[in-house]
Amino acid sequence: MFLSVFDLFKIGIGPSSSHTMGPMTAGHQFLKELKDGEWPRPHNAKVTRIKAYLHGSLAFTGIGHATDRAVILGLCGFLPANIDPDKMDDLLAKVNEEHKIRPSGHPAYDFDPKADLVMDRKVALPGHANGLAFEALDRDERVLLRRVYYSIGGGFIVTEEELNATRVSGGKKQVDDNVPYPFSTAKEMLQMSAASGLSIAEMKRANEETRMSREELDAGLDKIWDAMRSCIERGLTQEGIMPGGLKVRRRAKQLHDRLNEEWRQNRHNPLLANDWLSVYAMAVNEENAAGGRVVTAPTNGAAGVVPAVMRYYLHFHDDADQKGIRDFLLTSSAVGGIIKHNASISGAEVGCQGEVGSASAMAAAGLAAVLGGTPEQIENAAEIALEHHLGMTCDPIAGLVQVPCIERNALGAVKAVTGASLAVKGDGTHFVPLDACIETMRQTGVDMNERYKETSLGGLAVNVVEC
């Protein structure tokens, strides 16, 4: 399957791509199916009520990840990319008060969030850890339509039927041959680059331009960076306590003010680059934790790594320009697509190695590219960054995307820059291929206990609370 740069970098809302953006999209898709889909309608039957069921990781950490809010907003007809974060509280309050949802183009449906949004922690759906189901009922409580969806990470959703079709095909993910460079592994990517004489960014651009014009692609890439930059800027101005009950205080603004003061006083700081990387990443993920507008990169939980490294590139490199920003995003998405195709970017499936680890690999690849790295050096940079996240668990305290998630993004950004720096100073030869590292990440995720895969049943999520 062809993964566009716009599949991996989606503009939406926090705090979680798999627990917020995916379920919201699923709710919206269920409405479309209810209105336009071909399903057997009993004679004179009329849908009067909607119910939603969250299973697996969505049930265990749904409240902390705002999955309940996302489902309701999706059923109200909104998508992550077009909802105004400042209006969400009013929309939700109205549903809670009226016990009805009023999506555009539909009649009003009964929906009491306390009764009709069920967190089922006992029954896990078989397809994926992030399963959810919707039912449409009539006044006699007959289920007229039921649909099951899976939120598979990065805001992607698949239906039960789509997932079953993949299993019937032996679980093989198809590569799109209708693009000029259909690489599905890092090895193929390097081979195609060598044969064509093109950079990774140029090959990715050629693939994208089979679906849109160059002008449309550039405008879309610029829109992604504008959203990332706006998220950083907003995060650097906000103060106070983040929502959710942990009483975690925002720190990005305070750290940013200190760095600016050091900059004005020209004080020596040997950790300056790392400090700026960290504050940029934390600014994004504090915004994400507060439910603000972010860009999946490739997920919300890891949304700070790529923007932080891009902002670092603009801050510390005199030759940085808009072309570099576009090449950074194209190269990053090429590596992210390989990881998603052969393993996973879902914390509920493989732990945080699939989220922050993937983001760090993508950022390292992008930075190595704009620093003039060869394709081999870019592949090496991505491997270094991913390798040193292997085994990382996803154990958010209280199910909130705050601790340890915010600081993890800062460290992921630092590792990305370190990986890129090491790689471009070498000749591209290295011991562990990126493909082997990705497969190791996949296997590690399979072996990882479910307690450490975004369920908040183990690790820091348990031990810090117990203390």
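Rules used throughout
- Residues numbered from 1 in each chain as written.
- Predicted model: local features only at pLDDT ≥ 70, side-chain atom pairs only at ≥ 80, totals over all residues.
- Heavy atoms only, no water.
- Disulfide = S-S within 2.5 Å.
- Buried < 20%, exposed > 50% of the residue type's maximum accessible area, 1.4 Å probe, protein only.
- Salt bridge = Lys/Arg side-chain N within 4 Å of Asp/Glu carboxyl O.
- Helix = DSSP H or I, 4+ residues; strand = E, 2+ residues; numbered from the N terminus.
- UniProt positions renumbered as here; feature names shortened; annotations may be inferred.
- Domains from an automatic or database assignment.
- Buried area = accessible area lost by both parts, 1.4 Å probe.
- Nonpolar A, V, L, I, M, F, W, Y, C, P; charged D, E, K, R; others polar.
- Pairing = 2+ DSSP bridges.
- Phe/Tyr/Trp six-rings, centres within 6.5 Å; stacked < 30°, edge-to-face > 60°.
- Lys NZ or Arg CZ within 6 Å of the ring centre and 35° of its normal.
- Contact = heavy atoms within 4.5 Å.

A. Representation of the state of the cysteines. Under the defined criterion, the tally for this structure stands at zero disulfides. You can see Cys231 has no disulfide; the closest cysteine sulfur is in Cys405, sitting 15 Å from it. Owing to a relative accessible area of 4%, Cys231 belongs among the buried residues under this scheme. With no disulfide of its own, Cys352 lies closest to Cys394 among cysteine sulfurs, the gap being 5.4 Å. Residue classification places Cys352 among the buried positions, given a relative accessible area of 8%.

B. Expanded view of the pattern of salt bridges. Per the stated rule, a full pass over the model turns up 25 salt bridges. Across the salt bridge formed by Glu33 and Arg147, the nearest N and O atoms sit 2.9 Å from each other. Placement of Glu33 in helix α2 (residues 17-36) and of Arg147 in strand β7 (residues 143-153) is noted, with a sequence separation of 114 residues between them. For Glu33, a relative accessible area of 21% puts it in the partly exposed group. The partner of Lys253 in a salt bridge is Asp257, with the nearest N and O atoms 2.9 Å apart. Taken as a pair, Lys253 and Asp257 lie in helix α11 (residues 252-265) at a separation of four residues, close to a single helical turn. For Asp257, a relative accessible area of 37% puts it in the partly exposed group. A cluster of three or more residues bridged by salt bridges with shared partners is formed by Arg205, Glu209, Arg214, Asp218, Asp222 and Arg326.

C. Structural view of the UniProt feature "domain: Serine dehydratase-like alpha subunit" (unreviewed entry) in the protein. UniProt records the feature "domain: Serine dehydratase-like alpha subunit" (unreviewed entry) for residues 196-461 in the present numbering. The straight-line gap between the two end C-alpha atoms of residues 196-461 is 49 Å; of that span, 62% is helix and 1% is strand.

D. Structural view of the domain arrangement of the protein. Each domain of the protein was delimited in the assignment, giving domain 1 (17-169) and domain 2 (186-452). Here domain 1 and domain 2 have C-alpha centroids that lie 30 Å from each other. The largest contributions to the domain 1 side of the interface with domain 2 come from Ser17, Gly64 and His65, which together make up 28% of the buried area. Remark: the boundary between domain 1 and domain 2 carries zero salt bridges. Every element with two or more residues in the side of domain 1 that touches domain 2 is listed here: α2, α3 (57-61) and β7. In the side of domain 1 that touches domain 2, the residues fall into nine nonpolar, nine polar and one charged.

E. Representation of the pairing of strand β6 (residues 130-137) in the model. Burial analysis of β6 places eight of its eight residues in the buried class, the great majority of the element. Looking at chain direction, strand β2 (residues 49-56) and β6 are connected through eight bridges and run antiparallel. Bridging from a neighbouring strand, Arg49 pairs with Leu137 of β6. In this sheet, β7 lies alongside β6 in antiparallel orientation, the contact comprising seven bridges. For Phe134, the partnering residue across the bridge sits in β7 and is Arg147. A loop of five residues connects β6 with β7, the two strands running antiparallel in sequence, and Glu141 in this loop sits at a positive phi of about 65 degrees.

F. Seen up close, the pairing of β7. For β7, the tally of buried residues reaches eight of eleven residues, placing the bulk of the element in the interior. Summarising the sheet, β7 and strand β8 (residues 156-159) pair through four bridges and their orientation is antiparallel. Bridge pairing in β8 places Gly153 opposite Phe156. Counted along the chain from β7 to the antiparallel partner β8, the turn is two residues long, and its residue Gly154 has a positive phi close to 70 degrees.

G. Geometry of the packing of aromatic side chains. If you walk through the whole model with that rule in mind, you get five aromatic pairs. With a centroid separation of 6.2 Å and an interplanar angle of 85 degrees, the aromatic rings of Trp263 and Trp276 are classed as edge-to-face. Within this pair, whereas Trp263 is found in helix α11, its partner Trp276 is found in helix α12 (residues 272-289), the two being separated by 13 residues in sequence. With a relative accessible area of 47%, Trp263 lands in the partly exposed category. A centroid spacing of 5.6 Å and a plane angle of 35 degrees characterise the contact between Trp276 and Tyr280, whose relative ring orientation is tilted. In this pair, Trp276 and Tyr280 are both assigned in helix α12, four residues apart and thus about one turn of the helix distant. The exposure classification of Trp276 matches that of Tyr280, with both residues buried. One aromatic cluster is present, formed by Phe30, Phe134 and Tyr149 through successive ring pairs. The ring of Phe2 is capped by Arg211, whose NZ or CZ atom sits 4.2 Å from the centre of that ring.

H. How the structure looks around helix α9 (residues 200-208). The buried fraction of α9 is high, at seven of nine residues. When we look at burial in α9, the residues that qualify are Ile200, Ala201, Met203, Lys204, Arg205, Asn207 and Glu208. For α9, the elements touching its buried residues are α1 (5-8), α8 (186-196), α10 (214-235), α14 (322-342) and α17 (375-387).

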